[in-house]
Amino acid sequence: MTKKYFGTDGIRGRVGVYPITPDFVMRLGYAAGKVLAQADVHGGSKPTVLIGKDTRVSGYMLEASLEAGFAAAGVDVMLAGPMPTPAVAYLTRALRLSAGVVISASHNPYDDNGIKFFSAQGTKLPDAVELAIEAELENEMQCVSSDLLGKAHRLRDANGRYIEFCKATYPNELDLRGLKIVVDCAHGAAYDIAPHVFHELGAEVISIGNQPNGFNINDNVGATSPDALALAVRANHADLGIALDGDADRLLMVDKNGKVYDGDQLLYLMVIDRLAIGEVAGVVGTLMTNMAVELAFKELGVRFVRAKVGDRHVLELMREHGWLLGGEGSGHLLCLDKHTTGDGIVSALQVLSALRRNGKRLDQCFEQLTLFPQVLINVKVPSGFDWQKNEILLAEKRLVEVELANKGRVLIRASGTEPLIRVMVEAFDASVANALARRLADCIFPKTT
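No experiment lies behind these values; they were computed from the predicted model shown. (Residues numbered from 1 in each chain as written. Predicted model: local features only at pLDDT ≥ 70, side-chain atom pairs only at ≥ 80, totals over all residues. Heavy atoms only, no water.)

Some details on the overall build of the protein
And step 1. Counting secondary structure elements, the protein contains 13 helices and 18 strands.
And step 2. Summarising the internal contacts of the protein: among those between residues at least 6 apart in sequence, 70% fall at separations of at least 24. (Helix = DSSP H or I, 4+ residues; strand = E, 2+ residues; numbered from the N terminus. Contact = heavy atoms within 4.5 Å.)

Quick notes on the environment of Phe 24
And step 1. As for its placement among the helices and strands, Phe 24 is situated in helix H1 (residues 22-39).
And step 2. Among the residues examined, Phe 24 registers a relative accessible area of 1% and is labelled buried.
And step 3. For the pair Phe 24 and Val 88, spaced 64 residues apart in sequence, the C-alpha to C-alpha distance is 22 Å.
And step 4. With residues near it in sequence (within four places) discarded, Phe 24 still touches Tyr 5, Ile 11, Tyr 18, Pro 19 and Leu 137. (Buried < 20%, exposed > 50% of the residue type's maximum accessible area, 1.4 Å probe, protein only.)

Re the side chain of Asn 218
And step 1. By secondary structure assignment, the location of Asn 218 is in the loop between strand S8 (204-208) and helix H7 (227-235).
And step 2. A residue is classified by how much of its surface remains accessible, and Asn 218, at 9% relative accessible area, is buried.
And step 3. With residues near it in sequence (within four places) discarded, Asn 218 still touches Arg 56, Ser 106, His 107, Asn 108, Ala 186, Thr 224, Ser 225, Asp 245 and Gly 246.

Some thoughts on the nonpolar core
And step 1. Among the nonpolar cores identified, the biggest contains 69 residues, and Phe 198, Ile 242, Met 253, Ile 345, Leu 349 and Leu 352 are the most heavily contacted of them.
And step 2. If you look at the next biggest cluster of nonpolar residues, it comprises 30 residues, including Val 25, Ala 72, Ile 103 and Ile 115. (Core = buried A, V, L, I, M, F, W, Y, C linked by side-chain atoms within 4.5 Å.)

Digging into empty space enclosed by the protein
The probe, sized like a water molecule, is rolled over the atoms to show the empty space still left.
And step 1. Scanning all chains against the criterion turns up two cavities of 30 Å³ or more.
And step 2. Counted as a void, the largest cavity has a volume near 70 Å³.
And step 3. Contributing to the lining of the largest cavity are Phe 6, Thr 8, Asp 9, Gly 10, Lys 116, Phe 117, Lys 124, Leu 125, Glu 130 and Arg 312.
And step 4. Broken down by class, the residue content of the lining of the largest cavity amounts to three nonpolar, two polar and five charged.
And step 5. Roughly 30 Å³ of volume is contained in the second largest cavity.
And step 6. Lining the second largest cavity are Leu 333, Leu 334, Cys 335, His 339, Thr 341, Gly 342, Asp 343, Val 346 and Ser 347.
And step 7. Taken together, the elements giving at least two residues each to the lining of the second largest cavity come down to strand S15 (333-335) and helix H11 (344-358).
And step 8. The greatest single-element share of the lining of the second largest cavity, amounting to three residues, is contributed by S15.
And step 9. Residue composition of the lining of the second largest cavity, by class: four nonpolar, four polar and one charged. (1 Å grid on protein atoms, 1.4 Å probe; cavity = no way out; pocket = protein on both sides within 12 Å on 5 of 7 lines; lining within 4 Å. Points joined across faces, edges and corners; volume = space filled by probe spheres on them. Nonpolar A, V, L, I, M, F, W, Y, C, P; charged D, E, K, R; others polar.)

Considering the pairing of strand S16 (residues 374-380)
And step 1. Residues Val 375, Ile 377 and Val 379 point to one face of S16 and are all buried, whereas Gln 374, Leu 376, Asn 378 and Lys 380, pointing to the other face, are not buried.
And step 2. Sheet topology places S16 next to strand S18 (residues 420-427); seven bridges connect them, and they run antiparallel. Across the sheet, Val 379 pairs through a bridge with Ile 421, a residue of S18. (Pairing = 2+ DSSP bridges.)

A few points about the packing of aromatic side chains
And step 1. For the structure on display, the rule yields 13 aromatic pairs.
And step 2. Relative to Phe 24, the ring of Tyr 5 lies with its centre 4.8 Å away and its plane at 50°, an arrangement referred to as tilted. Of the two residues, Tyr 5 is situated in the segment before strand S1 (11-14) and Phe 24 in helix H1; the sequence distance between them amounts to 19 residues.
And step 3. On the basis of relative accessibility, which here comes to 13%, the residue Tyr 5 falls in the buried class.
And step 4. On the basis of an interplanar angle of 40° and a centroid distance of 5.8 Å, the ring pair of Phe 297 and Phe 304 is categorised as tilted. Here Phe 297 matches Phe 304 in class, with each residue buried. (Phe/Tyr/Trp six-rings, centres within 6.5 Å; stacked < 30°, edge-to-face > 60°.)

In structure tokens:
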């Protein structure tokens, strides 16, 4: 069945535009609550969900709407306040709750928002549960009797619990003493968490992007705008920089010279480290993973498979193969022996532990890896636009693939979170990749004379 509301990362859109409206989100909370209650996950006890959010001003409104919906369905609510997406996943599992909910639009601007769900195991909901919630949304919203209404209370010391969890993923025999690190929190959910993690492990921490006001999340800071971090690293003569996005499930890093390293490169570094201390059976990337990384893994004897874009698809393939490492170039990295979901802070700690073990600086770790130039062009389209029905684009795509032969790749896909068509061309030569990507992008809405 096709989902009506759920995309690759929950339900997301512009605040005030259906479905990111107070009335729909209240009905969503009710529908999710009904599905949870029917599952009877705790043997008859009242289901309890944890709600966390990022720092967008709309989070207050949507949190209240969700709380009302859950209460009407007879589900208790714990409120965590501003909390990274992976923190909600961890706390849901650690506290043995029925589900976790995150109010966030991740890397999007402040006037977008969304709702993500986690299962009791701290993983993204399976398709069957999301479909069950959508089916329940079609029913009329009612309300349980007053004696069965859900209650809400604040979860105390949620930050402290999660900080300790993150620190526990770093090897006990190592520390971060002697490192000066700039941490960019994107004015997002990790603003009062990430700096403490690295400081308590011994690093000298300089924080930027840690003054959220409800409107500045991801605004020229964070993993989607690493220039601010690169500038801060150089200005402070730091050893490296760490950039998170608004809900702290993405990671990019910057070396002492201000050079940015994406998720593909950081995944490669984690694999090299794991190979030095053990074995790596295989790695999952995505359709966007750079070809150079795939070839590097092949040379190392590490199996590599590509999933559809989206961390949930990466996770599904990792589970299918029983592998522990996977990720996306965008910075969603998964280490299933450390966490059940992608976590920017935990991933940064895995990179830092690799640097401590190999004794190298970040800029010294990629001598054997040179990424192929990759050009990505995003084209805004109307909602529901189907690029695969564009014969002009399809014909041009075939021509470009012939020109590239075995020396590059073409990928065209619809974004799962925004009304965009993403055109990616990868080639040995950057100018060739750029020219071919522009040719394809221009075919989406061809000019007429």
